[in-house]
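# Structural description and commentary
For reference, the chains in residue letters:
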Amino acid sequence: MSEPALQEPTFTDAEIDALVETFYAKVRRHPRIGPVFNGQIAEDAWPHHMATLKDFWATVLQGSGRYKGSPMAVHQRIEGFQEWMFTPWLNLFHATCVELFDAPRAAIVGQKAERIARSLKLGLFFRPGAPA
């Protein structure tokens, strides 16, 4: 007899809003990655960008399908974006998850972010055969 499948916890729109708003406030203040993001997104464009990010995370965490974009294409256009930036980004993300969610839910969101980051990193920076 097989064990029942564990159901992933649900995340409300309010929780996703809090995640995105809290996390990106930290990103924007970060001394090393903040200038890159702030340099790419005009101050008056942040509300629209935040709405897009909320749609993205609603799609990831709820399966809403609200996000229709291409994260890879968006990140390819970020001037100054470098591979090392994934480390502080993920550190801030995990810290935000721990602030906002209980441990099991924080771990689930963090694991999803790790997979997304790994995919982006491979797509943006992996060059087979390139000199190290």
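No experiment lies behind these values; they were computed from the predicted model shown.

### Focus: the overall build of the chain
- Of regular secondary structure, the chain possesses six helices and zero strands.
- Taken along the three principal axes of its C-alpha coordinates, the chain extends 50 × 40 × 25 Å.
- Here the chain, with 132 residues, has 34% of them falling under the buried criterion.
- Long-range pairs, those at least 24 residues apart, make up 74% of the contacts in the chain between residues at least 6 apart in sequence.
- Carbon and sulfur atoms form 57% of the exposed surface of the chain, whose accessible area is close to 8200 Å².
- Charged side chains in the chain number 14 positive and 14 negative. The centres of these two groups are separated by 5 Å.

### Considerations on the packing of aromatic side chains
- Applying the stated criterion to the full structure yields twelve aromatic pairs.
- Measuring from ring centre to ring centre gives 4.7 Å for Phe-23 and Tyr-24, while their planes differ by 80°; the resulting arrangement is edge-to-face. Across the pair, exposure class does not vary: Phe-23 and Tyr-24 are buried alike.
- Both rings, one in Phe-23 and one in Trp-89, keep their centres 4.9 Å apart while their planes meet at 80°; by these two values the pair is edge-to-face. With a gap of 66 residues between them, Phe-23 in helix α1 (residues 13-29) and Trp-89 in helix α5 (residues 86-100) connect regions that are remote in the sequence.

### Thoughts on the packing of helix α3 (residues 46-62) against helix α6 (residues 103-125)
- At a minimum axis distance of 11 Å, the contact between α3 and α6 shows a crossing angle of 115°. Here α6 runs roughly perpendicular to α3, going by the angle between their axes. Two packed elements cross with a definite hand, and for α3 against α6 that hand is right-handed. Where α3 approaches α6, its residues Phe-56, Trp-57, Val-60 and Leu-61 are matched on the opposing element by Val-109, Lys-112, Ala-113 and Ile-116.
- Looking at side-chain class alone, the contact of α3 with α6 contains seven nonpolar, no polar and one charged residues.

### Structural notes on the nonpolar core
- With 35 residues, the main nonpolar core has Tyr-24, Val-27, Trp-57, Trp-89, Phe-93 and Val-109 as its most contacted residues.
- Broken down by secondary-structure element, the contributors of at least two residues to this core are α1, α2 (34-40), α3, α5 and α6.
- Ranked by the residues each element gives to this core, the list is headed by α3, at seven residues.
- Look past the residues within four positions of Val-27 in its chain and what remains in contact with it is Ile-33, Gly-34, Phe-37, Trp-89 and Leu-92.

### Points about the packing of α1 against α3
- The N-to-C vectors of α1 and α3 enclose an angle of 125°; their axes lie 9 Å apart at closest approach. Taken as axis vectors, α1 and α3 run oblique relative to one another. Considering how the two elements wind past one another, α1 and α3 form a crossing that is right-handed. Facing α1, whose interface residues are Asp-13, Ile-16, Asp-17, Leu-19, Val-20, Glu-21, Tyr-24 and Arg-28, α3 presents Trp-46, Met-50, Leu-53, Lys-54, Trp-57, Ala-58, Leu-61 and Gln-62.
- Of the residues that constitute the contact of α1 with α3, the class distribution is ten nonpolar, one polar and five charged.

### A closer look at the confidence of the model for the chain
- For the chain, mean pLDDT is 91; residues scoring 70 or higher make up 92% of the total.
- The spread of mean pLDDT over the elements of the chain runs between helix α4 (residues 71-76), the lowest at 87, and α5, the highest at 98.

Conventions and cut-offs
Residues numbered from 1 in each chain as written. Predicted model: local features only at pLDDT ≥ 70, side-chain atom pairs only at ≥ 80, totals over all residues. Heavy atoms only, no water. Helix = DSSP H or I, 4+ residues; strand = E, 2+ residues; numbered from the N terminus. Buried < 20%, exposed > 50% of the residue type's maximum accessible area, 1.4 Å probe, protein only. Contact = heavy atoms within 4.5 Å. Areas by Shrake-Rupley, 256 points an atom, 1.4 Å probe, with all protein chains shown as cover. Lys, Arg positive; Asp, Glu negative; His and termini not counted. Charge placed at Lys NZ, Arg CZ, Asp CG, Glu CD. Phe/Tyr/Trp six-rings, centres within 6.5 Å; stacked < 30°, edge-to-face > 60°. Axes fitted to C-alpha atoms, helices over the stretch in contact; angles between N-to-C directions. Parallel < 35°, antiparallel > 145°, perpendicular 65-115°, else oblique. Left-handed = near helix turned anticlockwise from the far one by under 90°. Nonpolar A, V, L, I, M, F, W, Y, C, P; charged D, E, K, R; others polar. Core = buried A, V, L, I, M, F, W, Y, C linked by side-chain atoms within 4.5 Å. pLDDT = per-residue confidence, 0-100.

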